[in-house]
Amino acid sequence: MILRNLLILSVFLFSSFGQASRVPEVESYLMDKVSSLLRNRFPDKPFTVWVKVDTGKKDSDRKGWKEEKKDSARLPYLDFEDSGEVEIDFWDRTDIPIETMIGHLEKISIRITVDSSLLDEELKELQEAIAAQLKLVPGSDIIEITKKDWINKEVNESRRMIALGAFALMLLLFGCLYWLSRLSVKQLVSGITKPISEIGESTKEFASSALDSAAGITSSGSTSEEDDADERRKGKSLNANLLQIRKNALELLERNRDILLKPDAEVMSFFERHGEDEPGQVGAILTEVDEEVLKTLFKYGKGSWWYVALAQPMPIDEVGLGILSELDRLRIRRHFSKSKQNESKEVAEVGLVFARLTMDEVQEVFSGISIEKAEGILNILPRTKALAIAKKLFPGQWAVFLDTSKKLKPIDMDLLKKLETKALETAPLREEFEIEAFFRDLDLVRFLDSANTRDEKEFYMVLPKDSRIRSDRTAYFTVFEAPKEVIKLMGPTVDIRDWAYALSAAEPSERDFVYNNLNDRQSFLVKEEVKSLMQSELDPARVRIAKRRVLKAFIRNTNLHAAQVNSKDESDQAA
């Protein structure tokens, strides 16, 4: 118990005062690599390995980061995923592979002790092999190899241990003979029967434990046969699973065909909510609906996720099937909603127009309307949105909307038409040419992602100022026009392989610009990786992915640099 507590305490102390949470893991990884190489080269020779790494990490005060982030400049980019990220120290991140972290080390120190019987030529070859395998940086990393007279000492120690073991065995043998000679038959029988009874108790205990386990398995609804079935299910091909999922999805779509043919505000709210979270899966669903249904849904849609969903639909998986199952539950619920059953097509279409408005736009459109007249109109919207709008429009009075037993007054159709006209002026419906223009711009963006920086600059020179590409995409060539401080910040956040693929398609001057602003290790490793990649034909898809990742890191670190500059300016002004 004491030993265990001491062990836990030592682990806690080392983890508390370590340089960073991943640093010991990196050192252990390097130590294993060196040890493996030594074992393979000299299997019969003893050795010790000691590894120490220097991350170059300095203590930095991150207080006020959230405030800085609010004031930081934001660059546009054709990327619809949430850009909000929690900034944590690079050496505390658990999602980064160890190989990537090694590429960002400042220095690696390796000390090896080997047996004195090894020759100097063997040690020199060993040193070169370690440097090559770990990609050590000449002039920066250190490998020290010292000799120690181990084998002779081990031989003498082994002989001593054998002699002591033989002597101890003889003492034990004489002791057993003496004990048996003094032991009576009664004591011997008693000594034998007691272990037999203990065996019986242990068997009973084991049976009870097994019974409990069986009961636990039964209660959880899982059996060994089901476990085997799970393994068999896992062994099925992914394509077979996707085909079955698609078959189930098509059945759900056919079952909910009417609700899609005549969508209302509640249906559109459903698509907007799921589309923001899973554009790829909603896109997969949209590819299965009729053309007219798709055009209607796009027309009354409002989120930018629609473009992503229609441009990059994914195969329907469990997530998409879950979305359709929820739509099925919505259909069932509507069977018991009298207001939805009695709602005319004209009123439902106006509800679609109102559903596209933001809260501020709703307040503007409904300004000057009494609560009595607004009550019936707001009822055509989803209840959650109607309550939110009522609270915004009629503070102190909105609680009347909670009374579901109250009989609503008929909707004033003239007023409804006026409000619809006003809403359409505020937020016009989308036209088909918008998605056509988006696809044209998307094709051009894909070309620009593959183009070199010279061609990209030429295209940006002739693009119209109001082009969607200018507003939605950050030009890749701006990475090489960034301040040096931004490249230094980007260094630890971009994988060595991504740097290499991105720079392989860059101009020599652009590569030199990045090399000169990375630390020595990163610059050395990226150069070596670029040389290796340029010996064969580059994969265009891999280059595009790498450029996107570099560009994403550029945008994030440009914002960080801007926040740091603003913070420094504010502190200078305060001083």
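Because the structure is a prediction, the values reported are computed rather than measured.

Explain the overall build of the protein chain residue by residue, including any values.
Broken down by element type, the protein chain carries 29 helices and three strands. Burial status across the protein chain gives 36% buried among its 575 residues. Within the protein chain, counting contacts between residues at least 6 apart in sequence, those at least 24 apart form 81% of the total.

Lay out helix 12 (residues 279-286) in plain terms, naming residues and giving numbers.
Burial runs high along helix 12: seven of the eight residues are buried. Taken as a whole, helix 12 has its buried residues at G280, Q281, V282, G283, A284, I285 and L286.

Explain the sheet that holds strand 3 (residues 142-148) residue by residue, including any values.
With respect to topology, three strands assemble into an open sheet ordered 1-2-3, the strand pairing being mixed. With one partner strand each, in any of the chains shown, strand 1 (47-54) and strand 3 form the two edges of the open sheet. Put simply, the sheet's adjacent strands are angled 10° from each other on average, direction ignored. Pairing between strand 1 and strand 2 (residues 107-115): eight bridges, direction antiparallel. When the sheet's bridge partners are listed, V51 is paired in strand 2 with I110. In this fold helix 2 (residues 23-41) packs onto strand 1 and strand 2, with an angle of close to 145° to the strand it touches most, strand 1.

Lay out the pairing of strand 3 in plain terms, naming residues and giving numbers.
Successive residues of a regular strand alternate their side chains across the two faces of the sheet. Here strand 2 runs beside strand 3; their pairing, made up of seven bridges, is parallel. Along strand 3, the bridge assignment pairs I110 with I143. Handedness of the strand 2-helix 5 (residues 120-134)-strand 3 crossover: right-handed.

Before we move on, could you go through the pattern of salt bridges and cite the residues and values that matter?
If you walk through the whole model with that rule in mind, you get 23 salt bridges. Residue K295 pairs with E291 through a salt bridge whose shortest N-O separation is 3.0 Å. With a gap of four residues between them, K295 and E291 both fall in helix 13 (residues 291-300), about one helical turn apart. According to the relative accessible area criterion, K295 is partly exposed, its value standing at 29%. In this structure, R542 and D498 form a salt bridge, with 3.0 Å as the shortest nitrogen-oxygen distance. Highlighted residues: R542 in helix 29 (residues 540-574) and D498 in helix 26 (residues 496-504), separated in sequence by 44 residues.

Report on the confidence of the model for the protein chain, specifying residues and quantitative values.
Averaged over every residue, the pLDDT of the protein chain is 74; the share at 70 or more is 74%. Here helix 7 (residues 185-219) is the element of the protein chain with the lowest mean pLDDT, 36, and helix 27 (residues 508-515) is the one with the highest, 92. Every residue in residues 1-20 scores below 50 in pLDDT, and together they form seven contacts with partners more than four places removed in sequence or on other chains. Of the regions scoring below 50 in pLDDT, residues 184-238 engages in nine contacts with residues more than four places distant in sequence or in other chains.

An account of unusual backbone geometry is requested, with residue identities and associated values reported.
Look at K135: it is not a glycine, yet its phi comes out positive at around 55°. The residue K135 is located in the loop between helix 5 and strand 3 in this model.

Report on the environment of L250, specifying residues and quantitative values.
In this fold, L250 is placed in helix 9 (residues 238-255). Along the chain, L250 and L324 lie 74 residues apart, while their C-alpha atoms are 9.4 Å from each other.

An account of the packing of helix 26 against helix 29 is needed here, citing residue identities and associated values.
Contact pair helix 26 / helix 29: the axes reach a minimum separation of 8 Å and the direction vectors enclose 110°. Viewed along their axes, helix 26 and helix 29 adopt a mutual orientation that is roughly perpendicular. The hand of the helix 26/helix 29 crossing is left-handed. Where helix 26 approaches helix 29, its residues R497, D498, W499, Y501 and A502 are matched on the opposing element by R542, V543, A546, K547, R549 and V550.

So what about the nonpolar core? Which residues, and what values?
The biggest cluster of nonpolar side chains holds 63 residues, and the ones touching the most others in it are L260, F271, W306, F354, F366, L381 and L419. Beyond its immediate stretch of four places on either side in the chain, F366 contacts F354, I377, L378, L393 and L419.

Quick rundown of the side chain of Q522? Include the residues and the values.
Among the structural elements, Q522 can be located in helix 28 (residues 520-533). Judged by relative accessible area, which is 4%, Q522 ranks as buried. Filtering out sequence-adjacent residues up to four positions away, Q522 remains in contact with G103, H104, G491, P492 and I496.

Residues and numbers for the packing of helix 22 (residues 432-450) against helix 29, please.
Close contact between helix 22 and helix 29 brings their axes to 9 Å; oriented N to C, the two are set at 90°. The orientation of helix 22 relative to helix 29 falls into the category roughly perpendicular. Contacts from V445, R446, L448, D449 and S450 of helix 22 reach helix 29 at R544, K547 and R548. Residues that form the contact of helix 22 with helix 29 fall into these classes: two nonpolar, one polar and five charged.

So what about helix 11 (residues 265-277)? Which residues, and what values?
With 13 residues, helix 11 should cover 18 Å at 1.5 Å per step; its first-to-last C-alpha distance of 19 Å lies within 8% of that length. Within helix 11 the residues assigned to the buried category are A265, E266, V267, M268, F270, F271, E272, H274 and G275. One side-chain oxygen at the N-terminal end of helix 11 lies 3.2 Å from the backbone nitrogen of E266; it belongs to D264.

Give me the lowdown on the side chain of E420, citing residues and values where you can.
Topologically, E420 is positioned in helix 21 (residues 413-426). If we skip the residues at most four places from it in the chain, E420 touches V350, V353 and F354.

About the cut-offs
Residues numbered from 1 in each chain as written. Predicted model: local features only at pLDDT ≥ 70, side-chain atom pairs only at ≥ 80, totals over all residues. Heavy atoms only, no water. Helix = DSSP H or I, 4+ residues; strand = E, 2+ residues; numbered from the N terminus. Buried < 20%, exposed > 50% of the residue type's maximum accessible area, 1.4 Å probe, protein only. Contact = heavy atoms within 4.5 Å. Pairing = 2+ DSSP bridges. Axes fitted to C-alpha atoms, helices over the stretch in contact; angles between N-to-C directions. Right-handed = clockwise from strand over helix to strand, strands pointing away. Salt bridge = Lys/Arg side-chain N within 4 Å of Asp/Glu carboxyl O. pLDDT = per-residue confidence, 0-100. Parallel < 35°, antiparallel > 145°, perpendicular 65-115°, else oblique. Left-handed = near helix turned anticlockwise from the far one by under 90°. Core = buried A, V, L, I, M, F, W, Y, C linked by side-chain atoms within 4.5 Å. Nonpolar A, V, L, I, M, F, W, Y, C, P; charged D, E, K, R; others polar. Expected span 1.5 Å × (residues − 1). Polar contact = N/O pair within 3.5 Å; in protein donor to acceptor, adjacent residues only side chain to side chain.

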